[in-house]
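# Report on the structure
Here's the letter readout for the chains.
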Protein chains: 2
Amino acid sequence: MIKVIAHFYIKPEFVEKTESLFKELVEKSRKEKGCISYELFEVQGDTGHMVFIETWKDKNALDAHSKTEHFVRIIDELTTMSYKEALVTVMTQKL
Amino acid sequence: MIKVIAHFYIKPEFVEKTESLFKELVEKSRKEKGCISYELFEVQGDTGHMVFIETWKDKNALDAHSKTEHFVRIIDELTTMSYKEALVTVMTQKL
């Protein structure tokens, strides 16, 4: 099992515009083979700071995810509307 | 529901010593009222970089957690064995 945390930092003027993109990415990712969970959180008091917490069956499932059309397109769009580079952490469970 | 991500950066020479502290913190936190989940992950290829992902019923449960004896003592000890300040993000679920 692979856990991923991905922090995104959306410019305030684009927060509304990204809502549909986040929604599409969550919906399509959840349907992917090997996707155990795919959740989006917003950071309190930090507008535009959004965090994905994802659980994947294995590395292959995660690699396949990063090659899907929706992932490539949407991450590209989110990046253009961000004020800071996304911070992605890939982990395995310890306890 | 409140989600917390907490990154810890343990100096390599203390990684082994912190194992029992992490274990105690996870076990005791999971028994606390309002604790929905409390998991520890290790970051691939980044020795000593450990991440808690926690789910709490509400803000009160999280606040009570941060005042428990085990939390105060163990976080204090982990901090002295860290090479960088812990990075804590408090969030609410969006999708």
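Structure: above.
Residues numbered from 1 in each chain as written. Chains lettered and ligands numbered in written order. Predicted model: local features only at pLDDT ≥ 70, side-chain atom pairs only at ≥ 80, totals over all residues. Heavy atoms only, no water.

## Some remarks on the overall build of chain A
Inclusion rule: The way it works is that DSSP assigns letters per residue, a run of H or I at least four long becomes a helix, a run of E at least two long becomes a strand, and they are numbered from the N terminus. Restricting the calculation to C-alpha atoms gives the radius of gyration, and the globule rule supplies 2.2 Å times the number of residues raised to the power 0.38. Throughout, a contact is declared for two residues whenever any of their heavy atoms are within 4.5 Å. Using a 1.4 Å probe, the Shrake-Rupley method yields the accessible areas, and only the shown protein chains count as cover for residues. Under the convention used here, Asp and Glu are negative, Lys and Arg are positive, and both His and the chain ends fall outside the count. Taken as the charge location is NZ of Lys, CZ of Arg, CG of Asp or CD of Glu.
Within chain A, the secondary structure is distributed over three helices and four strands. Taken from N to C terminus, the helices and strands of chain A fall in the order β-α-β-β-α-α-β. Taking 12 Å as the expected radius of gyration for a compact globule of 95 residues, we find that chain A reaches 13 Å, a close match to that expectation. Expressed along its principal axes, the backbone C-alpha trace of chain A runs to roughly 35 × 30 × 20 Å. Counting only contacts in chain A whose residues sit at least 6 apart along the sequence, the fraction spanning at least 24 positions is 71%. Carbon and sulfur atoms make up 54% of the accessible area of chain A, which amounts to about 5000 Å² in all. Across chain A, the mean location of the 14 positive side-chain charges is 6 Å away from that of the 16 negative side-chain charges.

## Some words on the environment of Val51(B)
Under the convention used in this document: Whether a residue is buried, partly exposed or exposed follows from its accessible area with a 1.4 Å probe, protein chains only, as a fraction of its type maximum: under 20%, in between, or over 50%, in that order.
Within the secondary structure, Val51(B) sits in strand E3 (residues 49-56). Using a relative accessible area of 0% as the deciding quantity, one classes Val51(B) as buried. The sequence separation of Val51(B) and Phe41(B) amounts to 10 residues, and the corresponding C-alpha distance is 5.1 Å. Sequence-distant contacts of Val51(B), defined by excluding residues within four places in its chain, comprise Ile5(A), Met91(A), Ile5(B), Ala6(B), His7(B), Glu39(B), Leu40(B), Phe41(B) and Val43(B).

## Looking at the pattern of salt bridges
Residue and element names in this part refer to chain A. Rules: Salt bridges are counted wherever a side-chain nitrogen of Lys or Arg sits within 4 Å of a carboxyl oxygen of Asp or Glu.
Inspection of every chain in the model, using the stated rule, returns 14 salt bridges over all chains. Across the pair Lys23 and Glu27 runs a salt bridge whose closest N-O atoms are separated by 3.1 Å. With a gap of four residues between them, Lys23 and Glu27 both fall in helix H1 (residues 15-30), about one helical turn apart. The class of Lys23 is partly exposed, set by a relative accessible area of 43%. For Glu27, a relative accessible area of 40% gives the class partly exposed. Glu69 is paired through a salt bridge with Arg73; the nearest N and O atoms lie 2.6 Å apart. Here Glu69 and its partner Arg73 are both found in helix H3 (residues 69-80), four residues apart, which amounts to about one turn of the helix. In the salt-bridge network here, residues are joined through shared partners; they are Glu24, Lys28, Glu69 and Arg73.

## Concerning the relation of the copies chain B and chain A
The test is simple: Least squares is the method for superposing the copies, and the C-alpha atoms it fits come from residues with pLDDT of at least 70 in both.
Superposition record for chain B on chain A: RMSD 0.0 Å, screw rotation 180°, translation along axis 0.0 Å. The superposition operator between the copies reduces to a two-fold rotation axis. Both copies contact each other with a shared surface, as 100% of the interface residues of chain B are interface residues in chain A too.

## Focus: the packing of helix H1 (residues 15-30) of chain B against helix H3 (residues 69-80) of chain B
All names here are of chain B. To keep things clear, this is the line we draw: Angular values range over 0 to 180 degrees, each being the angle between N-to-C directions of two axes fitted as lines to C-alpha atoms, with helices fitted over their stretch in contact. Here the word oblique covers every angle except those under 35 degrees (roughly parallel), over 145 (roughly antiparallel) and from 65 to 115 (roughly perpendicular). Crossing handedness: left-handed means the near helix sits turned counterclockwise from the far one by under a right angle, and right-handed means the same turn made clockwise. Residue polarity is assigned by list, with Asp, Glu, Lys and Arg as charged and Ala, Val, Leu, Ile, Met, Phe, Trp, Tyr, Cys and Pro as nonpolar; anything else, Gly included, falls into the polar class.
For the pair H1 and H3, interaxial distance at closest approach is 10 Å and the crossing angle is 155°. The orientation of H1 with respect to H3, classified from their angle, is roughly antiparallel. Relative to H3, H1 is oriented so that their crossing is left-handed. Of the residues in H3, those touching H1 at Thr18, Leu21, Phe22, Glu24, Leu25, Lys28 and Ser29 are His70, Phe71, Arg73, Ile74, Ile75, Glu77 and Leu78. For the contact of H1 with H3, a count of residues per class yields seven nonpolar, three polar and four charged.

## Some details on the environment of Trp56(B)
Considering the arrangement of structural elements, one finds Trp56(B) in strand E3. Taking the C-alpha atoms as reference points, Trp56(B) and Cys35(B), separated by 21 residues in sequence, lie 4.8 Å from one another.

## Focus: the interface of chain B and chain A
How big an interface is tends to be stated in terms of accessible area lost as the parts join. Stated formally: By buried area we mean the combined loss of accessible area, with a 1.4 Å probe, across both parts when two parts are placed together.
With 27 residues of chain B in contact, the opposing surface of chain A contributes 27 residues. Here chain B and chain A share an interface that buries about 2500 Å² over both sides, 63% of which is from carbon and sulfur atoms. There are two salt bridges connecting chain B and chain A. Here Glu19(B) ties to Lys94(A) by a salt bridge, and the two come within 3.0 Å at their closest N and O atoms.

The analysis is restricted to geometry; functional conclusions fall outside its scope.
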